[in-house]
Amino acid sequence: EHDGVRIEQDLLHDHLSSLIDSHTKIRERWISPGVKRTEFVDQINQLSEKDDLVFDVIEQAVLCRNHVPTSKDLPSQKMVVELFVPLLQSPNWRIHNSRLPHSSYSIYRNELQSKVIGPLKRFFETHTSMNLPLRIEGGLTDFEIILEPSDCIFSLIKPSNFKQ
């Protein structure tokens, strides 16, 4: 072939081979801001217990070391996922509340803190005996969500055709 170099797949830039099944899932495993490993997974149960928190974009669900929260543990798993997708993809793990989907959680700091972040931190600590270094800074309606670098490992599970 004389076409030169042809890139069939580049996971870092979301360029997938046409040979990849559309039902294949991608796991992005984050160990620090901007440092991730991208791989294919066939089954969610392939996740290791080394993943402290897993955010499943497909099912809008959260796992903490393979523990599934109840609605009492996490009243809004969907909002947790919607919070962590842009947060982990931010180069410094810091986002302004305007980057979140429009809801009472994204508008009012107290709503986000009491119904999303607080329950997530308690659930996380129960199953890992570690503190989740997640905090909010700013005013009541103009604030930032910050995830401090730590020893925690976070994973996003998304379909191979997922676009942010």
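Residues numbered from 1 in each chain as written. Predicted model: local features only at pLDDT ≥ 70, side-chain atom pairs only at ≥ 80, totals over all residues. Heavy atoms only, no water.

Caption draft 1: Summary view of the pattern of salt bridges. Applying the stated rule across the entire model yields 12 salt bridges. Across the pair D51 and R29 runs a salt bridge whose closest N-O atoms are separated by 2.7 Å. Of this pair, D51 sits in the loop between β2 (35-41) and β3 (53-56) while R29 sits in strand β1 (residues 25-32), and the two are 22 residues apart along the sequence. Each member of the pair D51 and R29 is classed as buried. E137 serves as the salt-bridge partner of R94, at 3.0 Å between the closest nitrogen and oxygen. Of this pair, R94 sits in strand β5 (residues 94-96) while E137 is found in strand β6 (residues 134-138), placing the two residues 43 residues apart along the sequence. Here R94 falls in the partly exposed class, since its relative accessible area comes to 29%. Using a relative accessible area of 33% as the deciding quantity, one classes E137 as partly exposed. Several salt bridges share partner residues, and in doing so they unite R27, R29, R37, E39 and D51 into one network. (Salt bridge = Lys/Arg side-chain N within 4 Å of Asp/Glu carboxyl O. Helix = DSSP H or I, 4+ residues; strand = E, 2+ residues; numbered from the N terminus. Buried < 20%, exposed > 50% of the residue type's maximum accessible area, 1.4 Å probe, protein only.)

Caption draft 2: Highlighting the packing of aromatic side chains. This structure, assessed with the given rule, holds 3 aromatic pairs. Relative to F84, the ring of F55 lies with its centre 4.2 Å away and its plane at 15°, an arrangement referred to as stacked. Placement of the pair is F55 in strand β3 and F84 in helix α1 (residues 77-89), with a sequence separation of 29 residues. Judged on exposure class, the residue F55 and its partner F84 are both buried. Between W93 and F154, the ring centres sit 5.7 Å apart and the planes meet at 85°, which makes this aromatic pair edge-to-face. Of this pair, W93 sits in the loop between α1 and β5 while F154 sits in strand β8 (residues 154-159); the two residues are 61 residues apart in sequence, bridging distant segments of the chain. The pair W93 / F154 is uniform in exposure class, with both members buried. (Phe/Tyr/Trp six-rings, centres within 6.5 Å; stacked < 30°, edge-to-face > 60°.)

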